[in-house]
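Next come the chains, spelled out residue by residue.
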Amino acid sequence: MTGTIPSRLLPTDSYRHAEAPKLDSVRLLVVGDVMLDRYWFGDVSRISPEAPVPVVRIERREERLGGAANVARNAAALGTHCGLLGVVGADEAGDQVEKILRESSIHSYLKRDEAISTIIKLRVIGRQQQMVRIDFEEAPTETILRDKLTQFKALLPDYDVIILSDYNKGSLVNVAEMIRAARAAGKTVMVDPKGDDFTPYAGATMLTPNKSELKRIVGSWKTEEQLTEKAQKLREDLGLEALLLTRSEEGMSLYTANEVLHVHADAREVFDVSGAGDTVIATMAAMLGAGAPLPEALATANRAGGIVVGKLGTATVTRDELFAQRRKEDGHA
């Protein structure tokens, strides 16, 4: 019964002083919906005479990896050997994704689909605020998806940990078969889920939904006891080893068969929460791949999420940032 499972709260500074694990030995493959995030920064000084909207005069542009590619970027920033399998269009945006992957030391296994355009999220920012976001997206074709599944199975022997990053854009329609193949090969499989049905993720090692994603599946809750009961039932029904619930300002909760672990949000100024889930799952996967126990992996992932929300846009946390406190105390900084 879930009521008999012990629950404990980890202090936010748990494992902060622990020795940094050998993350460079971790071989991590990210699979999912690959996107290109475009940021247009500009000055806002007047309202348009054509409509009651601000006029943004663009002064600077940035391009970053988005979606599953941002998960891979986070994993690579921590020092892991990271590969990315996904689908982009045979277009300029797809070329740009490939270029940034090379610059980020991420091994690209991207499939180029000539029938679609690369998914792009264009954000226009003025006065440090997002004014509008424009999305361009198309689902991959069946032929490309079959090729991707074949390549996924071929890549499994080369990687220890698999992250399936689902943004519900069509790249993971074969997710159930991917999980079966990866688990049969003895791999740790982490899933960032989306949608109204989590049954395709059955058998994964760990799911990492946020509060709204979990509510869509199990319904709302009024007490911590109700939440625990619903989360544990979902974990059991899907045959998961663990379910990690990210709870924004409330921190995170990790549900396993043996215990429930809670950790409060790492207190700091919140500037931008976009991409924080990518940072959490990448850090959790890297830590588990390096052999860290679940409590240490949870505390470190929570700390990484706390760092990244203090940055603008889909940002990353480096190994040095994450373990800086330890380095300073040892006299290395």
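Each remark here, short or long, concerns the structure printed above.
These numbers come from a predicted model, not from an experiment. (Residues numbered from 1 in each chain as written. Predicted model: local features only at pLDDT ≥ 70, side-chain atom pairs only at ≥ 80, totals over all residues. Heavy atoms only, no water.)

**Section: the packing of helix α3 (residues 142-155) against helix α4 (residues 175-184)**
Part 1: Following both chains from N to C, one finds α3 and α4 inclined at 15 degrees, their axes separated by 10 Å at the closest point. The pairing of α3 with α4 is recorded here as roughly parallel in orientation. Like other packed secondary-structure pairs, α3 and α4 cross with a definite hand, here right-handed. Mapping the contact onto sequence places Lys148, Leu149, Phe152 and Lys153 in α3 and Glu177, Met178, Ala181 and Ala182 in α4.
Part 2: Grouping the constituent residues of the contact of α3 with α4 by class yields five nonpolar, no polar and three charged. (Axes fitted to C-alpha atoms, helices over the stretch in contact; angles between N-to-C directions. Helix = DSSP H or I, 4+ residues; strand = E, 2+ residues; numbered from the N terminus. Parallel < 35°, antiparallel > 145°, perpendicular 65-115°, else oblique. Left-handed = near helix turned anticlockwise from the far one by under 90°. Contact = heavy atoms within 4.5 Å. Nonpolar A, V, L, I, M, F, W, Y, C, P; charged D, E, K, R; others polar.)

**A short note on the sheet that holds strand β3 (residues 34-47)**
Part 1: Taking strand neighbours across the sheet as the criterion, the four strands line up as β4-β3-β9-β10 in an open arrangement whose pairing is mixed. Sheet topology places β4 (54-67) and β10 (129-136) at the edges, where each strand pairs with a single neighbour. Taken pair by pair, the neighbouring strands of this sheet meet at an average axis angle of 20 degrees, ignoring direction.
Part 2: Inspection of the sheet shows β3 paired to strand β9 (residues 119-126) by eight bridges, in the parallel sense. (Pairing = 2+ DSSP bridges.)

**Some remarks on the pairing of β10**
Consecutive side chains of a regular strand alternate in pointing toward one face of the sheet and then the other.
Part 1: In terms of strand pairing, β9 meets β10 through seven bridges, oriented antiparallel. Bridge assignment links Ile120 to a residue of β10, and that residue is Phe136.
Part 2: Between β9 and β10, which pair antiparallel one after the other, the connecting turn spans two residues, and Arg127 there sits at a positive phi close to 55 degrees.

**Structural notes on empty space enclosed by the protein**
Part 1: In the structure shown here, the tally under the stated rule is one cavity of 30 Å³ or more.
Part 2: Roughly 60 Å³ of internal volume is contained in the largest cavity.
Part 3: Around the largest cavity, the lining residues are Asp33, Val34, Val87, Val88, Ile116, Ser117, Thr118, Ile119, Glu138, Pro140, Lys169 and Ser171.
Part 4: Taken together, the residues of the lining of the largest cavity sort by class into six nonpolar, three polar and three charged. (1 Å grid on protein atoms, 1.4 Å probe; cavity = no way out; pocket = protein on both sides within 12 Å on 5 of 7 lines; lining within 4 Å. Points joined across faces, edges and corners; volume = space filled by probe spheres on them.)

**Topic: the packing of helix α1 (residues 68-77) against helix α7 (residues 276-289)**
The description of two packed helices rests on the angle between their axes and on the distance between the axes.
Part 1: Following both chains from N to C, one finds α1 and α7 inclined at 50 degrees, their axes separated by 8 Å at the closest point. In terms of orientation, α1 and α7 fall into the oblique class. For α1 against α7, the interelement crossing comes out right-handed. Taking contact as the criterion, the partners of Asn70, Val71, Asn74 and Ala75 in α1 are, on α7, Asp278, Thr279, Ile281 and Ala282.
Part 2: Classifying every residue of the contact of α1 with α7 by side-chain character gives four nonpolar, three polar and one charged.

**Topic: the packing of aromatic side chains**
Describing an aromatic ring pair means giving the distance of the ring centres and the angle of the ring planes.
Part 1: Summed over all chains, the structure comprises three aromatic pairs.
Part 2: Here the aromatic rings of Tyr39 and Phe41 are separated by 6.1 Å at their centres, their planes lie at 15 degrees, and the arrangement is stacked.
Part 3: Classification of Tyr39 as buried rests on a relative accessible area of 1%.
Part 4: Accessibility expressed as a relative area gives 6% for Phe41, which makes it buried.
Part 5: Ring geometry for Tyr109 versus Tyr159: centroids 6.3 Å apart, planes at 90 degrees, classification edge-to-face. Here Tyr109, found in the loop between β7 (107-108) and β8 (111-113), pairs with Tyr159, found in the loop between α3 and β11 (161-165); they are 50 residues apart in sequence, far enough to count as distant.
Part 6: You can call Tyr159 buried: its relative accessible area is 0%.
Part 7: A cation over an aromatic ring shows up here: Arg27 above the ring of Tyr159, its NZ or CZ 5.4 Å from the ring centre.
Part 8: Over the ring of Tyr167 we find Lys194, and its NZ or CZ is 4.8 Å from the ring centre. (Phe/Tyr/Trp six-rings, centres within 6.5 Å; stacked < 30°, edge-to-face > 60°. Buried < 20%, exposed > 50% of the residue type's maximum accessible area, 1.4 Å probe, protein only. Lys NZ or Arg CZ within 6 Å of the ring centre and 35° of its normal.)

**Here's the deal with helix α8 (residues 294-308)**
Part 1: Between its first and last C-alpha atoms α8 spans 21 Å; for 15 residues at 1.5 Å apiece the expected length is 21 Å, and the two agree.
Part 2: Buried residues dominate α8, accounting for 14 of its 15 residues. (Expected span 1.5 Å × (residues − 1).)

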